[in-house]
Amino acid sequence: MKLIDVTNSYATLVSKQLENTDARFVSVYSLGKTLVIHSTANTHIDVVLVNKTRDIKDLELNAVLEELLHTTMDNPELEIIRTHGVVEVEIPVKPKKTKKIS
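Rules behind the numbers
- Residues numbered from 1 in each chain as written.
- Predicted model: local features only at pLDDT ≥ 70, side-chain atom pairs only at ≥ 80, totals over all residues.
- Heavy atoms only, no water.
- Salt bridge = Lys/Arg side-chain N within 4 Å of Asp/Glu carboxyl O.
- Buried < 20%, exposed > 50% of the residue type's maximum accessible area, 1.4 Å probe, protein only.
- Helix = DSSP H or I, 4+ residues; strand = E, 2+ residues; numbered from the N terminus.

1. Quick word on the pattern of salt bridges
Link 1 in the chain: Under the definition given, this model contains two salt bridges.
Link 2 in the chain: Note that Arg54 and Glu60 form a salt bridge whose closest N and O atoms lie 2.8 Å from each other.
Link 3 in the chain: Take Arg54: its relative accessible area is 28%, and that puts it in the partly exposed class.
Link 4 in the chain: Two residues, Asp58 and Arg82, come together in a salt bridge whose shortest N-O distance is 2.4 Å. Here Asp58, found in helix α2 (residues 58-69), pairs with Arg82, found in strand β5 (residues 79-83); they are 24 residues apart in sequence, far enough to count as distant.
Link 5 in the chain: A relative accessible area of 41% means that Asp58 is categorised as partly exposed.

Function cannot be read off these values alone, since they describe shape.
See below:
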């Protein structure tokens, strides 16, 4: 399975996401007939998989999670919501440590 970056073909979707959510980065990928939307905000990362003809397979979900988030479905930090043809995954972003200058 290979993710193909199709962000440029979804300029309207990307701009709406950036305008109407707390996302600061949005990219769109194709995984065959499955569309993958990856967005990053200051406090969390969202990945949404959409297939209009069938449910998302665990194999697809794991491939996307490994490629984009470098994790698997077994990660306890993931919040996964499934509906017909859609899977939404959210993972919190750990705050960056800042160094004190003395």
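Resuming the write-up.
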